Structure formats: C-alpha cells, structure tokens
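Here is what each chain is made of, one letter per residue.
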Amino acid sequence: MEHQPFENWILSGESPTASQLAELASHLVFCQHCQFTQEAILGVENLLSSATIESPSPGFTNRFRYLAANRKEEAKRLQSYFFLGGILAATVLVSSGYFTILMLTQSPANLISNLMTNAISLAFEIDELLVALKTWARYVPWPVSLTLGAVISNLVILISSAWLLSVWKVFTRGVKVHE
Ligand SMILES: [Zn+2]
C-alpha cells in the first residue's frame, strides 16, 4: 500500500492544509500502518511535552511558589542532616591519606577550617540533591525516570566493567612480564 504522502505529513510535525487533513483522515480509516505511525508520534509528543521543563504546566508556577515557601522547612531539615550526617560524612569522605597530606602541608587551624568548610558544603550539596530529586519526581512522569535510571545504571555497569577489564589486562600483562 502507498503510504505517501500521508506518512510525511504525520512525521513532519507541520499542520497539513484542510484538504490534506481530509485526505489523511480518509487514508487513516483503512490504513493500519499509518494509524500506528500517528499514534506513536502522538505518544512521543505527549511524553515529551509532559517532561519538558522549559514549557511548564499551568500549575507549575504555583507549585514552585509552594516549594519556595517550604524552603524554611528545608533549612531546618538541612540542620538536622548536618548534625546527623555531617560529622559521619566528613570522617568517611576525608580519607586518611587526604588527612595525612593536609597534616603535612597545613597548620592545624587551617586544617580544621578547611574540614569545616568541606563538611558544610557537602551538607548543602546533599540537601540540594534531595530537593532536586523531589522536584524531578514531581514533574517528570515515572516511566521517564525509570528509563533514565535504567540507562544510567547500565552506563555505570558498562564503565565499571571496562575499568575492571583494564585493571585485569594490566594485572595479567604484569604477570607475563615477570615470567
Ligand atoms: Zn498508510
């Protein structure tokens, strides 16, 4: 069956003229192929429009104001994050090697102020990340998030396998050199 020019009209995204629209409608009545094409295009367009941040839905501005009003509560939560996780995160993240280098290159007063600065900026970053995640979850439909999550975790797996492989190659080459 000849699907042109109907397929072009569907795929171009431009609004066809009234006579073209009538032709298209009568073609769609009996052509399942073009029906599927149109449905797929509409589905993708719906998905994109609901996920596009540049063109927010009418309620977006109000919800954004609501979020801004909640910033005070966020600040309170930030304090609790800081007290609960700050000291722990600082101890875990500032590795002993880093600590030793700092001890060797800086005065104790500088060292303490640097550690404090790092801990505070870390707490802020964690809070920003949580807020961003909450905002994301609110405005992006979960199938999109799920797809993105799957893509990102696949990338992480790919990158870590590539890393393991290169370490393994270096390791086996090193063994051969010693033989
Ligand atoms: Zn067709």
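Keep in mind the model is a prediction, meaning the values are calculated, not measured.

The next thing to look at is the overall build of the protein chain. Summing up its helical and strand segments, the protein chain has 8 helices and 0 strands in all. Starting at the N terminus and ending at the C terminus, the protein chain contains elements arranged as α-α-α-α-α-α-α-α. For the protein chain, the proportion of its 179 residues judged to be buried stands at 3%. Taking all contacts inside the protein chain whose residues are at least 6 apart in sequence as the whole, residues at least 24 apart take part in 69%.

The phi torsion of most residues other than glycine is negative, and most of the peptide bonds are trans. Cis geometry marks the peptide bond from Gln4 to Pro5; its omega dihedral reads 5°. Here Pro5 is to be found in the segment before helix H1 (6-12).

Turning our attention to the environment of Trp9. With respect to the helices, strands and loops of the structure, Trp9 is situated in helix H1. The class of Trp9 is buried, set by 20 C-beta atoms lying within 10 Å. With 12 residues separating them along the chain, Trp9 and Leu21 place their C-alpha atoms 9.0 Å apart. Once residues within four sequence positions are removed from consideration, Trp9 is found in contact with Pro16, Gln20 and Leu24.

Averaged over all residues, the pLDDT of the protein chain equals 78, while 77% of them reach at least 70. Looking across the protein chain, the model is least confident in helix H4 (residues 60-69), with a mean pLDDT of 67, and most confident in helix H2 (residues 18-30), with 90.

Conventions used here
- Residues numbered from 1 in each chain as written.
- Predicted model: local features only at pLDDT ≥ 70, side-chain atom pairs only at ≥ 80, totals over all residues.
- Helix = DSSP H or I, 4+ residues; strand = E, 2+ residues; numbered from the N terminus.
- Buried ≥ 20, exposed ≤ 12 C-beta atoms within 10 Å, placed from the backbone.
- Contact = placed C-beta atoms within 7 Å.
- pLDDT = per-residue confidence, 0-100.

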